[in-house]
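Given next are the chains, with one letter for each unit.
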Amino acid sequence: MSCQKQYRICPICEATCGLELTVEHDQVVAIRGNSDDLISLGHVCPKGVALMELRDDPDRVRTPMVRKNGVLVPASWNEAFAYIQEKLSAVIKNHGRESVALYIGNATIGSMAFMVGFPVLLKSLATPQLYTAGTLDHIPKLLTCAEMYGDVFSNPVPDIDRSQYLLILGANPMVSNGSLWLAPGFRGRVKDMKKRGGKLVVIDPRRTETARIADQHFFIRPGTDPYFLLGLLHVMFRDDLVKTEASAAMLAGLESVEAMVKDISLAAMASLCGIAAKNIEAMAYELVNTQCAGVYGRVGSTTQEQGTVTSWLIEVVNIVAGNLDIPGGMMFPKAPAFAANTKGQPGIGKKAADSGFRTRVRNRGHVCGELPSACLAEEIATPGEGQIRALISICGNPALSAPNSERLQKALPGLDFLLSFDIYINETSRHADVILPGTPTFEKSYYGAYSINYASRNVARFSPALFESPPGWVSDWDALLQVSAIAAGMGVVDEKGLRAFEDQVISALLEEAATDSHSIAYGIDIDNAMAQLSHTRGIERIMDVGFRVGPYGDGFGANPAGLTLEKIIAAPNGIDLGPLQPRLPEVLRTPSGKVEMAPPAFMAELSKLLAATDRDVNPHQLLLIGRRQSHSINSWGHNVHILAKGKNRCTLLINPLDVDRLRLEENKPVVLTTTAGQLQATLEITDEIMPGVVSLPHGWGHNKEGTRLNLAQQKPGVNINILMDDGRLDALTGNAVLNGVGVQITQE
Ligand SMILES: Nc1nc2c(c(=O)[nH]1)N[C@H]1C(S)=C(S)[C@@H](COP(=O)(O)OP(=O)(O)OC[C@H]3O[C@@H](n4cnc5c(=O)[nH]c(N)nc54)[C@H](O)[C@@H]3O)O[C@H]1N2
Ligand SMILES: Nc1nc2c(c(=O)[nH]1)N[C@H]1C(S)=C(S)[C@@H](COP(=O)(O)OP(=O)(O)OC[C@H]3O[C@@H](n4cnc5c(=O)[nH]c(N)nc54)[C@H](O)[C@@H]3O)O[C@H]1N2
Ligand code: SF4
Ligand SMILES: [Mo]
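Residues numbered from 1 in each chain as written. Chains lettered and ligands numbered in written order. Predicted model: local features only at pLDDT ≥ 70, side-chain atom pairs only at ≥ 80, totals over all residues. Heavy atoms only, no water.

Our focus in this paragraph is the side chain of N458. When you line up the elements, N458 lands in strand β18 (residues 457-460). Judged by relative accessible area, N458 falls into the buried class, the value being 6%. Within the local environment of N458, its side chain forms a polar contact with the backbone nitrogen of K334, the two atoms lying 2.8 Å apart. (Helix = DSSP H or I, 4+ residues; strand = E, 2+ residues; numbered from the N terminus. Buried < 20%, exposed > 50% of the residue type's maximum accessible area, 1.4 Å probe, protein only. Polar contact = N/O pair within 3.5 Å; in protein donor to acceptor, adjacent residues only side chain to side chain.)

Structure below.
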């Protein structure tokens, strides 16, 4: 049989690289970057190359697993669904719908069916209890976008391929390949920027892989980013550099920002963040005077004590410096399907209503529809009315990723029912009553439904499934629909029932477009549109609707040259929808129709912060931060040879000055102690980490009984989240604080 090339999107991380696969005898024999891909331009990382091994990992869950007599054993899909029906229905009947929680993990982005479909399950469960990996990550940024621009997905990204100056705060795209911004092939893109005379500046407590390719790198004391950003703003107002003439009519609250920053002391800000005033001044000038510039922040900027204030001030700096919504600056992508900022009346919107729901123990409400995962353990473990008794975890491993994760690991066995959609029996799913295995990458179709909202170029790409699943396999989409049907009280449904449920989902989407007078599909006949769909079943039908009623869609005939799923599938490198275009004011969905620069809650939080700048800070207090690694993806990837080989990577980075100061012996383990817990770690002495700061990666600690991770267990590493206090949250969102945590180091 001949050898063929096939093109697919890698679903592992947000970068969603285009891959070129060599397929021989129905086997993928080689994987490389697709140089014609419009987003990744040929980039591939070790994890993309490892996709085959990931699929063939002997420990991978390949049948549903059901708990019988206390042990997880393989079962048929029918048995698994029957078991879910029995257990989940009992919990709902006995304790009500609020006793069921849903946890959406990071790998959800890698399954189009789960990403597009989890709201269907949530609606069927009719529970307010939605916990997400997002609240361990980026919810401060989502709230910022919702407050300032009116939608969580209205998130300006660096227009890197036209930029002349990029300042990166708390992100490491050389390793992460970008987040809330697709940055595959970052090294090449920076090289091109430098060739154009551009400049990269990195602000990070560690001289990261990204810092190493930057023109300038400044260490910053963890958690002090607001002071640095206030310093930049102060200089911009003080020296009359503000560049908002072009956008003035669209801005609300500029004066309030000016009033807030004009009298602050630059020297005080500099001393708090540890970056010299003259350097802050220079950066302020560069951001304003460079035609196409921007500030981009990620995990280091959101998972800290002041995650929301930091995220907000980044946006404010971009606006004040005149870099928002200009080519080469920070721009709003326009996704081809499902984006709320392409629906309804452009330029204006309504504020989301408060659901009224509060968690029982800490009285936290929804932020952008999500509840803090840092509250999950206590909501499971605390008895009483409204206690969580059942949990459905989709593509997540909160037992390692949530703060104070030992507490969560202790709480999980107390649940009446745990369903994990996963591919491993890992630290979370070992407690499951049922595991439903995920469809492997090459057997499922893929569209980066989430990621594409963050691309620096507008592109429509879709990968159809490459191989058929084994007979009887239940796809991610059908499994999700089946569990939704059970949750909705319909019981286990047959194929006809599943398709009827799917039709309901499609009808609702079509109805929404048909009644939106700004949609290309306004007024369409729903039955007629249904009949036009290119597939007869499955998630592909949902995607066809998404593309056809989306901003570039064919509107089921209204715009015949527009997108359909079939047209996108016919273009394996993607359909180019062009460079990002200015979108203000059209993109806005705020009630005022303006960019809200000074949301009152943010201003109040900032006032509190500024009022407390003279609080005693112990300069000798060591602070713990995290780090990501190119061969891991959060807590997984550690069970695949090609990614796991090499020396122990779960080490504590420490500066030689701290080693001397604390009189530590290099080859002896250290004990780390925080307010939450204690663990032992191995030292790695390096001046890449700033004095006073230590770094340990997350996603390790694979030494738990009952898991099936034979390779990962050989190099288990330690779980940093034992040290993270689930009581420390970003005040405005409840996002976990995972960086800048006080830690003691001792040696026995
Ligand atoms: N201390 C500290 N903690 C952190 C962070 C940090 O920087 N420091 N980072 C935080 C961040 S940014 C995030 S996003 C969270 C992540 O938190 P989680 O989402 O809870 O953790 P992941 O390890 O990403 O879990 C992904 C799960 O999906 C499974 N999986 C992988 N592929 C598939 C598939 O195709 N189908 C199915 N069904 N399952 C699959 C994996 O086996 C794994 O169990 O962790 C957070 N925790
Ligand atoms: N290879 C790989 N890629 C990944 C992942 C992975 O685990 N491995 N995870 C994926 C996920 S879920 C996400 S969310 C993204 C994250 O993508 P990034 O945010 O780009 O990745 P991180 O390595 O977490 O970068 C955070 C940086 O913030 C710095 N930092 C810590 N505290 C502070 C602080 O207080 N201030 C400042 N200014 N900096 C600080 C850290 O030193 C670190 O360099 O990566 C994604 N891509
Ligand atoms: S960077 Fe992310 S999307 Fe690209 S190949 Fe690696 S894992 Fe896949
Ligand atoms: Mo994340």
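This is not the end of the story, as more comes after the structure.
Along the chain, K410 falls in helix α17 (residues 405-411). Sequence spacing of K410 and I213 is 197 residues, and the spatial spacing of their C-alpha atoms is 43 Å.

In terms of domains, the protein chain is made up of domain 1 (1-56), domain 2 (62-127 + 372-446 + 459-577), domain 3 (148-339 + 585-609) and domain 4 (618-748). The C-alpha centroid of domain 3 is placed 35 Å from the C-alpha centroid of domain 2. Taken residue by residue, the interface counts 13 residues in domain 2 and 5 residues in domain 3. Where domain 2 abuts domain 3, roughly 650 Å² becomes buried across the two surfaces, and 76% of that area is made up of carbon and sulfur atoms. By the criterion of area lost to domain 3, the three top residues of domain 2 are G546, P551 and Y552, representing 50% of everything that side buries. Counting across the domain 2 and domain 3 interface gives 0 salt bridges. On inspection of domain 2 and its partner domain 3, the count reaches 1 residue pair in polar contact (both at pLDDT 80 or more). Secondary-structure elements contributing two or more residues to the side of domain 2 that touches domain 3 are β18 and α21 (539-549). If one sorts the elements of the side of domain 2 that touches domain 3 by residue count, α21 sits on top with 4 residues. (Domains from an automatic or database assignment. Contact = heavy atoms within 4.5 Å. Buried area = accessible area lost by both parts, 1.4 Å probe. Salt bridge = Lys/Arg side-chain N within 4 Å of Asp/Glu carboxyl O.)

What follows is about the sheet that holds strand β4 (residues 65-68). Pairing is mixed across the open sheet formed by 7 strands, whose spatial order is β5-β4-β17-β16-β15-β6-β7. Bordering the open sheet on either side are β5 (71-74) and β7 (130-132), each of which pairs with just one other strand. Taking each pair of neighbouring strands and ignoring which way they run, the sheet shows an average axis angle of 20 degrees. Examined bridge by bridge, strand β6 (residues 100-104) and strand β15 (residues 390-394) share 5 bridges and lie parallel to one another. (Pairing = 2+ DSSP bridges. Axes fitted to C-alpha atoms, helices over the stretch in contact; angles between N-to-C directions.)

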